[in-house]
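# Tertiary structure, described
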Amino acid sequence: MYYIFGFLRDYGIKITKSGPIPKHVAFIMDGNRRFAKKNQLKLANGHEEGAESLIKLLDTAYRLGIEHVTVYAFSIENFKRSSHEVNTLLALLRDKLKGIGELHKVYPSFSKVGVRIIGNRSMIPHDILSDLERIEADTVNAVRVFNVCFPYTSRDEIAHAIGAVATSSMTELITAQSIENAMYFAPDTPKLDLLIRTSGHQRLSDFMLWQCSTNCTIEFSDRLWPEYGYREFMCAIIRWGYERTNASEMSYRLGVSTSSIPKSIFHSK
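The text that follows walks through the structure, step by step, so that each part is easy to find.

Rules and cut-offs
Residues numbered from 1 in each chain as written. Predicted model: local features only at pLDDT ≥ 70, side-chain atom pairs only at ≥ 80, totals over all residues. Heavy atoms only, no water. Helix = DSSP H or I, 4+ residues; strand = E, 2+ residues; numbered from the N terminus. Expected span 1.5 Å × (residues − 1). Buried < 20%, exposed > 50% of the residue type's maximum accessible area, 1.4 Å probe, protein only. Contact = heavy atoms within 4.5 Å. Phe/Tyr/Trp six-rings, centres within 6.5 Å; stacked < 30°, edge-to-face > 60°. Axes fitted to C-alpha atoms, helices over the stretch in contact; angles between N-to-C directions. Parallel < 35°, antiparallel > 145°, perpendicular 65-115°, else oblique. Left-handed = near helix turned anticlockwise from the far one by under 90°. Nonpolar A, V, L, I, M, F, W, Y, C, P; charged D, E, K, R; others polar. Salt bridge = Lys/Arg side-chain N within 4 Å of Asp/Glu carboxyl O. Core = buried A, V, L, I, M, F, W, Y, C linked by side-chain atoms within 4.5 Å.

## Observations concerning helix α4 (residues 83-98)
Taking 1.5 Å as the rise per residue, α4 with 16 residues should run 22 Å; its terminal C-alpha atoms sit 22 Å apart, in good agreement. Buried within α4 we find E85, V86, T88, L89, L90, L92, L93, R94 and L97. The elements touched by buried residues of α4 are α2 (32-38), α3 (43-64), β3 (113-118), α5 (126-138) and β4 (144-149).

## Considerations on the packing of aromatic side chains
Scanning all chains against the criterion turns up twelve aromatic pairs. Judged by centre distance (5.8 Å) and plane angle (80°), the rings of Y152 and F207 are edge-to-face. Of the two residues, Y152 sits in the loop between β4 and α6 (154-168) while F207 sits in the loop between β5 (194-197) and β6 (217-221), which places them 55 residues apart along the sequence. For the residue pair Y152 and F207, the accessibility class agrees, reading buried in each case. A ring pair is formed by W225 and Y228, whose centres lie 6.1 Å apart and whose planes are at 10°; its orientation type is stacked. Taken together, the ring pairs in this structure connect F27, W225, Y228 and F233 into an aromatic cluster.

## Examining unusual backbone geometry
Looking along the chain, the bond that leaves F150 and enters P151 is cis, with omega of -25°. Within the fold, P151 resides in the loop between β4 and α6. The residue Q40 is not glycine, and still its phi comes out positive at about 55°. Assignment of secondary structure puts Q40 in the loop between α2 and α3. In this structure Q40 comes out as exposed when scored by relative accessible area, which is 76%. Its identity is not glycine, yet S205 carries a phi of approximately 50°, on the positive side. For S205, the position within the fold is in the loop between β5 and β6. Judged by its relative accessible area of 31%, S205 is partly exposed.

## Considerations on the packing of α4 against α5
For the pair α4 and α5, interaxial distance at closest approach is 10 Å and the crossing angle is 25°. The pairing of α4 with α5 is recorded here as roughly parallel in orientation. Seen from above, α4 lies across α5 with left-handed handedness. Side by side, α4 and α5 meet where L90, R94, L97 and K98 of the first sit next to D127, I128, D131, L132 and I135 of the second. By residue class, the composition of the contact of α4 with α5 is five nonpolar, no polar and four charged.

## Quick word on the pattern of salt bridges
By the definition in use, this model includes 27 salt bridges. Residues K80 and E77 are paired through a salt bridge, measuring 2.7 Å at the closest nitrogen-oxygen approach. Here R231 makes a salt bridge to E232, at a shortest N to O gap of 3.1 Å. Owing to a relative accessible area of 10%, E232 belongs among the buried residues under this scheme. It is possible to trace a salt-bridge network through shared partners that takes in R94, D95, K98, D127, D131 and R134.

## Let's talk about α6
In this model α6 runs 21 Å from its N-terminal to its C-terminal C-alpha over 15 residues, within 8% of the 21 Å that 1.5 Å per residue would give. Among the structural elements, α7 (176-181) are those in contact with the buried residues of α6.

## Some remarks on the nonpolar core
F27, L97, F146, F150 and F233 are the most contacted members of the largest nonpolar core, which totals 43 residues. Sort the elements by how many residues they give to this core and α3 lands first, with seven residues. Aside from chain neighbours lying at most four places away, what touches F150 is A73, F74, L90, L93, I117, I118, G119, I124 and L132. If you look at the next biggest cluster of nonpolar residues, it comprises 17 residues, including I28, C149, L195 and M208.

Read these as spatial facts, not as claims about activity.
Structural data, given as structure tokens:
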């Protein structure tokens, strides 16, 4: 049975790659706590299940040819949670990222994945920050990128970028492009193509508001994050490809850029 599923999974990836594939996909991984409560698990086990789901989805994404995957790993607002849960999340994040260099033994797609920490580093405890920066340095020469937003909010990122531009040169005009160049994301980060949020909530929770404002498809899924798997993700990619194909055909007929066509919002069960 496992062999059959593996064959169908590989075949599905191969077929899907023949169509349009996004370069940059982001996830708001919501629902770990509700999953734990629903299945009568400890809170830490709910977050652990979510981490395992992420690893499998990253494997699928990189095998599809997606260059950048970004996750909302820890919001600045999460610091308001109990100290026990905050410490659990920080330790889990560090431990999982430490092991990312070994994942290629199980998932070959992780052989050339670079980790980038996106967020306000001044808020990260020194010992954890040292470990994370070491992981970044060890994976700097990569073909695929895993952007970990931690700790992060869009308001903080935009405020940081405006401040950086304002102090870099008193004579430089503050423009949309200069702000974008000063964001936490590296300049070589592709435009965000697809943003997926799980758990049924239809809001962005202060995540990548700048990046998803132009020509980005937003999809909301009713699935809790640990339940969101290969089937749901592949359906999202296929819907995205179908939408982009239609948008390209429409832009060709109308003689306009695809960026001028409004973005789409999907809701999936």
